[in-house]
Amino acid sequence: MNKVEAKEKQHKSWSMVAPGWDKYDPLMRAWAAPLTERMIALSAIRDGSRVLDIACGAGEPALTIAERVGPGGAVLATDFVEEMIGYARSKAQARSLSNIEFRCVDGEVIDEMKDSFDAVTMRWGLMFMPDPVKCMHCANTALKPGGKAVISVWTEAAKNPFVTVPLGVIKRHMDVPTPPPGAPGIFALADPDRLRAIFAEAGFSDVSIEQLSLPMADFATGVEYDAFIREIAGPVASLFTQLPADRQAIVKQEIAREAEARSSKPGRVNLHGITHIVVGTKTTRN
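Predicted, not measured: the structure shown is a model, and the values here were computed from it.

Draft legend 1. Broad picture of the overall build of the protein chain. Along its length, the protein chain carries 11 helices and 7 strands. A principal-axis box enclosing the C-alpha atoms of the protein chain has dimensions of 55 × 40 × 30 Å. Evaluated residue by residue, the protein chain yields a buried proportion of 54% over its 286 residues. The long-range share in the protein chain, meaning contacts at least 24 apart out of those at least 6 apart in sequence, stands at 82%. Working note: accessible area of the protein chain is about 12300 Å², and carbon and sulfur atoms make up 53% of it. For the protein chain, the centre of its 33 positive side-chain charges and the centre of its 35 negative side-chain charges are spaced 2 Å apart.

Draft legend 2. Spotlight on the side chain of T36. Here T36 lies in helix α3 (residues 25-42). Judged by relative accessible area, T36 falls into the buried class, the value being 5%. Every residue in contact with T36, bar those within four places of it in the chain, is listed here: P61, T64 and R123.

Draft legend 3. Up close: unusual backbone geometry. The omega torsion of the bond from E60 to P61 falls at 10 degrees, within 30 degrees of zero and hence cis. Its place among the elements puts P61 in the loop between β1 (50-53) and α4 (62-69). Positive phi outside glycine occurs at W124, with the angle close to 60 degrees. Looking at where W124 falls in the secondary structure, it is placed in the loop between β4 (117-123) and α6 (132-142). Of the residues examined, W124 reaches a relative accessible area of 10% and is grouped as buried. For D206, which is not glycine, the phi dihedral falls at a positive 50 degrees. Its place among the elements puts D206 in strand β6 (residues 204-219). Given a relative accessible area of 61%, D206 falls into the exposed group.

Draft legend 4. Main features of the side chain of E60. Here E60 shows up in the loop between β1 and α4. A distance of 2.7 Å separates the side chain of E60 from the side chain of T64, its partner in a polar contact. Contact partners of E60, with chain neighbours within four places excluded, come to D25, R29, D53, R95 and R123.

Draft legend 5. Up close: the pairing of β4. Of all 7 residues in β4, 6 are buried; the element is thus mostly enclosed. Here β4 runs beside strand β5 (residues 143-154); their pairing, made up of 6 bridges, is parallel. Opposite R123, over in β5, you have S152 as the bridge partner. Traced from β4 through α6 to β5, the parallel crossover comes out right-handed.

Draft legend 6. Summary view of the packing of helix α7 (residues 161-171) against helix α11 (residues 245-262). It is the contact of α7 with α11, at a shortest axis distance of 9 Å, that shows an interaxial angle of 140 degrees. The angle between α7 and α11 falls in the class oblique. Of the two elements, α7 crosses α11, and the hand of that crossing is right-handed. When α7 is examined against α11, the residues P161, V165, P166, V169 and I170 are found in contact with a partner set consisting of V251, E254, I255, E258, A259 and R262. Considered class by class, the residues forming the contact of α7 with α11 number 8 nonpolar, no polar and 3 charged.

Draft legend 7. Representation of the sheet that holds β1 in the model. In spatial order, the strands read β3-β2-β1-β4-β5-β7-β6; together these 7 strands make up an open sheet with mixed pairing. Since the sheet does not close on itself, it has two edges, and those belong to β3 (100-104) and β6, each with one partner. Taken pair by pair, the neighbouring strands of this sheet meet at an average axis angle of 15 degrees, ignoring direction.

Draft legend 8. Focus on the packing of aromatic side chains. By the definition in use, this model includes 8 aromatic pairs. Each ring, one from W31 and one from F219, has its centre 5.7 Å from the other, and the planes form 90 degrees; the classification is edge-to-face. Taken together, the residues span a long stretch of sequence, with W31 in helix α3 and F219 in strand β6 at a distance of 188 residues. Per residue, the accessibility class of W31 equals that of F219, and both read buried. Consider the rings of F219 and F228, whose centres lie 5.1 Å apart with planes at 45 degrees: the pair is tilted. Side by side, F219 and F228 carry an identical accessibility label, which is buried. Through a chain of ring-to-ring contacts, the aromatic side chains of Y24, W31, F219 and F228 assemble into a single cluster. The positively charged end of R50 is found above the aromatic ring belonging to F117, 5.2 Å away from the centroid.

Here is what the cut-offs are and how they apply
- Residues numbered from 1 in each chain as written.
- Predicted model: local features only at pLDDT ≥ 70, side-chain atom pairs only at ≥ 80, totals over all residues.
- Heavy atoms only, no water.
- Helix = DSSP H or I, 4+ residues; strand = E, 2+ residues; numbered from the N terminus.
- Buried < 20%, exposed > 50% of the residue type's maximum accessible area, 1.4 Å probe, protein only.
- Contact = heavy atoms within 4.5 Å.
- Areas by Shrake-Rupley, 256 points an atom, 1.4 Å probe, with all protein chains shown as cover.
- Lys, Arg positive; Asp, Glu negative; His and termini not counted.
- Charge placed at Lys NZ, Arg CZ, Asp CG, Glu CD.
- Polar contact = N/O pair within 3.5 Å; in protein donor to acceptor, adjacent residues only side chain to side chain.
- Pairing = 2+ DSSP bridges.
- Right-handed = clockwise from strand over helix to strand, strands pointing away.
- Axes fitted to C-alpha atoms, helices over the stretch in contact; angles between N-to-C directions.
- Parallel < 35°, antiparallel > 145°, perpendicular 65-115°, else oblique.
- Left-handed = near helix turned anticlockwise from the far one by under 90°.
- Nonpolar A, V, L, I, M, F, W, Y, C, P; charged D, E, K, R; others polar.
- Phe/Tyr/Trp six-rings, centres within 6.5 Å; stacked < 30°, edge-to-face > 60°.
- Lys NZ or Arg CZ within 6 Å of the ring centre and 35° of its normal.

These results come straight from atomic positions and should not be treated as a statement about function.
Shown next, in the form of structure tokens:
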């Protein structure tokens, strides 16, 4: 699969789950709040900052950042799925935020913004980029000298049962080829060494990586969890829709049962995720 085909696949996948990101926004905001706060702290975002948020999805963390930078600051939030941008705009209007702009644009081709931003953020987007170096080079170009880029990506599969539970069930019912090295995907950037290499090649210095554990599923039943993960996880949704209807019904039941069995909290479905947080600094002009 070439990069154009990979990008088309990602666009289709995330367009499919855009309504789910709107539907579950309150839960996702709450669960990801510690990550949002840590990203804001590491990027030194403050009142009056100008921030670029790439792959903003349905609006976070861009909306929270817009509230943080205040009327004297500004946020440009981008995503390549128009449906996601539409939900994000609606939320900004509902929260009376006038200091945020949304653009439907590919994160690998952002331009016309050289040396414009104090910080660049990207939550759970870089691993789906066919060319992550190109994306991070765009981020570097957009930053003012001394500005920081802070991104988050998922660590290895074994540490993220919130998404490996459904993927494991689906793989029992259909042949899911192992992606080639470097292919975009949810665990594509789990290796810290690859992350450091990407940041270095894109021109960043003082690169550091830390991990954060998050509660990525907390439901009363496995049935609720099953609906959630199929409506919000692009890779899961894409595979699930390829199953015959009769097989889909079986898979739903198995996902619900396995989630309940794997839960870390008795009486509820509680599954966690562990994310990398990567920070790099732009030290010179491009």
